[in-house]
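Residues per chain, in single letters:
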Amino acid sequence: MSGAGSPDLDVDGEGLTVVIVAGSWHDEITDGLIAGATRTLESAGASYELVRVPGSFELPVASKAALEAGADAVVALGVIIRGGTPHFEYVSSAATDGLTRVALDTGKPVGFGVLTLDDEQQGLDRAGLPGSKEDKGREAAEAAIATANILRALRG
C-alpha cells in the first residue's frame, strides 16, 4: 500500500475498538511498527489496546480471541527474517494463512502488518522509524480502520 498508487482510505476510527496484536521478535523493528499503528489509531479516534505474543506464529490465535471478545478490528504486526532453514517459509505461511482465516471466520478485519524479510535492513526500512522509507504499522492500521468502516456500511 505504500508509494505510488497507494489508496486514499477512510481512516475515521471514531467508535471503533481495535486490538494491536504484535510479535515479540526483533524489538527495534516491531516497536517501530507498533508506534506507527498506535499513532494512526490515536489520530483516527479509535480506542485500542496492545497485546504482545511470543512470535508471528501466535498472531492468528490471539487475533481471533480479540475479535471474538468484541474488538471491531485487529492490527497484526510481526517480523519474520529469512534464515538458512525452511522455518521462514513455514512461519510466514502459517501467519498469513492463519490471519486470512481469522478475518474470514470472524467477518472482521485484520490489518496485515507482518513483515517477511530477507534481512534486518529491509525491516528497518519499513518500520516507520526515523530514516525509514515506509511505515507498515501505519498502513496496517489504516487498512484495518478502512475495512471496518466498509463492513459497517455494508451491514447497515
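Because the structure is a prediction, the values reported are computed rather than measured.

> What exactly am I supposed to notice about the overall build of the protein chain here?
For the protein chain, the count of helices and strands is five helices and four strands. Each helix and strand of the protein chain, ordered N terminal to C terminal, gives the series β-α-β-α-β-α-β-α-α. Taking 2.2 N^0.38 as the reference for a compact globule, 156 residues should give roughly 15 Å; the C-alpha atoms of the protein chain span a radius of gyration of 15 Å, in line with that estimate. Overall, the protein chain is about 50 × 30 × 25 Å in size when its C-alpha atoms are taken along their principal axes. Buried positions account for 46% of the 156 residues belonging to the protein chain. By element, 53% of the accessible surface of the protein chain is carried by carbon and sulfur atoms, the whole surface being about 7,700 Å². In the protein chain, the 12 positive side-chain charges and the 23 negative ones have mean positions that sit 4 Å from each other.

> Before we go on, may I ask you to explain the layout of surface pockets in this structure?
There is about 280 Å³ of room inside the largest pocket. Around the largest pocket, the lining comprises 16 residues; the ones closest to its centre are W25, V79, I80, H87 and V91. When residues of the lining of the largest pocket are traced back to their parent elements, those giving at least two are strand 3 (73-81) and helix 3 (87-106). Looking at side-chain class alone, the lining of the largest pocket contains eight nonpolar, six polar and two charged residues.

> Just to check I follow, could you spell out unusual backbone geometry for this structure?
For H26, which is not glycine, the phi torsion reads 55° and is therefore positive. Considering the arrangement of structural elements, one finds H26 in the loop between strand 1 (17-22) and helix 1 (27-44).

> What is the right way to look at the pairing of strand 2 (residues 47-52) in this model?
Moving residue by residue along a regular strand, the side chains alternate between the two faces of the sheet. Of the pairings in the sheet, the one linking strand 1 to strand 2 comprises six bridges and is parallel in character. Bridge pairing in strand 2 links V21 to V51. Considered for its hand, the β-α-β crossover made up of strand 1, helix 1 and strand 2 is right-handed.

> What exactly am I supposed to notice about the pattern of salt bridges here?
Pairing is possible between side chains of opposite charge, provided their charged atoms come close. In this structure the tally under the stated criterion is 12 salt bridges. Between D105 and R101 there is a salt bridge, with its nearest N and O atoms 3.1 Å apart. Remark: R101 and D105 occur in helix 3; sequence separation between them is four residues, near one turn of the helix. Take D105: its relative accessible area is 46%, and that puts it in the partly exposed class. With a closest N to O distance of 3.1 Å, R138 and E142 form a salt bridge. Separated by four residues within a single helix, R138 and E142 lie in helix 5 (residues 136-155), roughly one turn from each other. Judged by relative accessible area, R138 falls into the partly exposed class, the value being 30%. Residues joined in a network through salt bridges with shared partners are R126, E134, K136, R138, E139 and E142.

Reading the values: rules and limits
Residues numbered from 1 in each chain as written. Predicted model: local features only at pLDDT ≥ 70, side-chain atom pairs only at ≥ 80, totals over all residues. Heavy atoms only, no water. Helix = DSSP H or I, 4+ residues; strand = E, 2+ residues; numbered from the N terminus. Rg over C-alpha atoms; globule rule 2.2 N^0.38 Å. Buried < 20%, exposed > 50% of the residue type's maximum accessible area, 1.4 Å probe, protein only. Areas by Shrake-Rupley, 256 points an atom, 1.4 Å probe, with all protein chains shown as cover. Lys, Arg positive; Asp, Glu negative; His and termini not counted. Charge placed at Lys NZ, Arg CZ, Asp CG, Glu CD. 1 Å grid on protein atoms, 1.4 Å probe; cavity = no way out; pocket = protein on both sides within 12 Å on 5 of 7 lines; lining within 4 Å. Points joined across faces, edges and corners; volume = space filled by probe spheres on them. Nonpolar A, V, L, I, M, F, W, Y, C, P; charged D, E, K, R; others polar. Pairing = 2+ DSSP bridges. Right-handed = clockwise from strand over helix to strand, strands pointing away. Salt bridge = Lys/Arg side-chain N within 4 Å of Asp/Glu carboxyl O.

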